[in-house]
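Structural features, examined
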Amino acid sequence: MFSSVAPLARLNPFHAPHLQLLQDGVRKRPDPAEPPSPRRSLAAAAIAEEEYSCEYGSLKFYALCGFGGVLSCGLTHTAVVPLDLVKCRIQVDPQKYKSIFNGFSVTVKEDGFRGLAKGWAPTFFGYSMQGLCKFGFYEVFKVLYGNLLGEENSYLWRTSLYLAASASAEFFADIALAPMEAAKVRIQTQPGYANTLRQAAPKMFAEEGVWAFYKGVVPLWMRQIPYTMMKFACFERTVEALYKYVVPKPRSECSKPEQLVVTFTAGYIAGVFCAIVSHPADSVVSVLNKEKGSSASQVLVRLGFKGVWKGLFARIIMIGTLTALQWFIYDSVKVYFRLPRPPPPEMPESLKKKLALTE
């Protein structure tokens with residue numbers, strides 16, 4: 001029975017090496033001559049638990065996590081609207097907007113500094129709704145899938161758990177984002193089409209009906225689901241690695257500001273990978289929402305391999321900064337509202353015993 005655990009771990013494509021599990025997870029057998037060491041970590045956990053404003057996995061917990069997502073996504077995406085505008089214009093008109101600096105220069109020359117803020121309203125409302133679903137549902141699905149897997153498999157397959165929970169959350173988040181994303185791209189990339197959300201939305205509905213707001217949802221899934229899977233899984237495992245190999249003391253001994261610095265660092269590292277993974281689909285979304293009657297496959301063929309990577313440098317800067325700030329804001333909301341913030345995962349005692357018996 002116990003011998004099946006190690007092969008099960010190896011079958012998972014995202015598992016940690018078996019030897020690492022043995023080295024890190026198995027305690028040495030206690031020496032009867034040694035006095036028992038004090039269990040300060042359990043006492044600290046008990047004290048921290050009393051200070052929480054709600055129970056982990058409660059409705060209040062999920063609601064406040066969703067609120068943290070609204071702030072983290074809505075505020076950060078709105079703050080980088082100028083860079084996003086230039087990035088979108090490079091993608092849809094590379095002949096006119098040749099680089100980031102050239103794109104800023106041409107935009108300011110034609111529209112003034114106010115022109116850099118085009119699309120801020122759909123960005124704010126769209127990404128606030130996306131953040132609500134993305135972070136709120138991620139916590140819901142992480143608990144749901146974790147309960148289905150059980151404690152031991154949740155640890156062994158934790159990266160797969162993060163990937164599945166984040167993909168499920170982003171599926172719904174993109175449905176909430178799609179209408180505002182479509183309006184934003186029209187405002188930013190079609191000169192003279194509309195200057196505000198109040199002008200763009202009725203015009204889009206009159207021309208193409210409801211389809212105008214959702215025709216980009218499939219390429220949005222193509223862009224955002226891999227992005228979010230990387231964002232959450234890479235962040236979770238990077239935090240785990242930072243506390244294990246970089247931070248000189250356990251997380252429980254770190255102050256709240258120190259923990260938030262680790263959060264920001266892990267968020268930026270995750271953001272760089274997110275930008276690279278999702279950029280080709282982002283290019284397709286930008287062109288698709290600008291043009292009428294085109295499909296995602298047609299746009300992809302026309303752009304070609306080189307074309308889908310236009311604006312990557314701008315996206316890396318934007319997404320790296322965005323992702324770091326989003327995790328920082330989200331974690332700060334958890335700290336402010338005294339929400340449970342579980343430490344990096346540790347091997348369950350039952351699994352330690354099973355692995356010890358297989359040696």
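As a starting point, this report considers the structure included with it. (Residues numbered from 1 in each chain as written. Predicted model: local features only at pLDDT ≥ 70, side-chain atom pairs only at ≥ 80, totals over all residues. Heavy atoms only, no water.)

Here's the deal with the packing of aromatic side chains
Taken as a whole and judged by the stated rule, the model has 20 aromatic pairs. Relative to phenylalanine 328, the ring of phenylalanine 264 lies with its centre 6.3 Å away and its plane at 85°, an arrangement referred to as edge-to-face. One end of the pair, phenylalanine 264, is in helix H13 (residues 256–290); the other, phenylalanine 328, is in helix H15 (residues 312–336), and 64 residues separate them in sequence. On the basis of relative accessible area, phenylalanine 328 is assigned to the partly exposed category, the value being 32%. Here tyrosine 336 and phenylalanine 337 contribute two aromatic rings whose centre-to-centre distance is 5.1 Å and whose plane-to-plane angle is 90°, an arrangement assigned as edge-to-face. Residue class for tyrosine 336 comes out exposed when judged on its relative accessible area of 66%. Here phenylalanine 337 falls in the partly exposed class, since its relative accessible area comes to 27%. (Phe/Tyr/Trp six-rings, centres within 6.5 Å; stacked < 30°, edge-to-face > 60°. Helix = DSSP H or I, 4+ residues; strand = E, 2+ residues; numbered from the N terminus. Buried < 20%, exposed > 50% of the residue type's maximum accessible area, 1.4 Å probe, protein only.)

Comments concerning the packing of helix H5 (residues 81–92) against helix H9 (residues 158–189)
The relative placement of two packed helices comes down to the angle between their axes together with the axis-to-axis distance. In contact at an axis separation of 9 Å, H5 and H9 are set at 75° when each is read in the N-to-C sense. With respect to their mutual orientation, H5 and H9 come out roughly perpendicular. Of the residues in H9, those touching H5 at Val81, Asp84, Leu85, Cys88, Arg89 and Val92 are Lys184, Gln188 and Thr189. Its residues assigned to classes, the contact of H5 with H9 comprises four nonpolar, two polar and three charged. (Axes fitted to C-alpha atoms, helices over the stretch in contact; angles between N-to-C directions. Parallel < 35°, antiparallel > 145°, perpendicular 65-115°, else oblique. Contact = heavy atoms within 4.5 Å. Nonpolar A, V, L, I, M, F, W, Y, C, P; charged D, E, K, R; others polar.)

Quick look at the pattern of salt bridges
Within the structure shown, the criterion is met by 18 salt bridges. We note a salt bridge from glutamate 208 to lysine 215, for which the minimum N-O separation is 3.7 Å. A relative accessible area of 9% means that lysine 215 is categorised as buried. (Salt bridge = Lys/Arg side-chain N within 4 Å of Asp/Glu carboxyl O.)

Observations concerning the environment of tyrosine 268
The topology assignment puts tyrosine 268 in helix H13. Residue class for tyrosine 268 comes out partly exposed when judged on its relative accessible area of 31%. As a C-alpha pair, tyrosine 268 and glutamine 326 span 58 residues in sequence and 9.6 Å in three-dimensional space. Excluding its chain neighbours within four sequence positions, the residues that come into contact with tyrosine 268 are Ile317, Gly320, Thr321 and Ala324.

Some thoughts on the nonpolar core
The biggest cluster of nonpolar side chains holds 35 residues, and the ones touching the most others in it are Phe61, Phe135, Tyr138, Phe235, Tyr243, Trp327 and Leu339. Of all elements in the fold, only helix H4 (59–79), helix H7 (120–149), H9, helix H12 (217–246), H13 and H15 reach the threshold of two or more residues within this core. Among the elements that line this core, the one with the most residues is H12, at nine residues. Apart from residues lying up to four places away in sequence, phenylalanine 135 is in contact with Cys65, Gly69, Ser72, Cys73, Lys231, Phe232, Trp327 and Tyr330. The next biggest cluster of nonpolar side chains, apart from the first, holds 15 residues, and it includes Val106, Cys274, Ala275 and Met318. (Core = buried A, V, L, I, M, F, W, Y, C linked by side-chain atoms within 4.5 Å.)

Considerations on the packing of H9 against helix H10 (residues 197–208)
Where H9 contacts H10, the axes come no closer than 10 Å and their chain directions differ by 105°. Viewed along their axes, H9 and H10 adopt a mutual orientation that is roughly perpendicular. On the side of H9, the interface is formed by Met180, Ala182, Ala183, Arg186 and Ile187, while H10 contributes Leu197, Ala200, Met204, Glu207 and Glu208.

Structural notes on unusual backbone geometry
For arginine 338, which is not glycine, the phi torsion reads 55° and is therefore positive. Among the secondary structure elements, arginine 338 is positioned in the loop between H15 and helix H16 (349–358).

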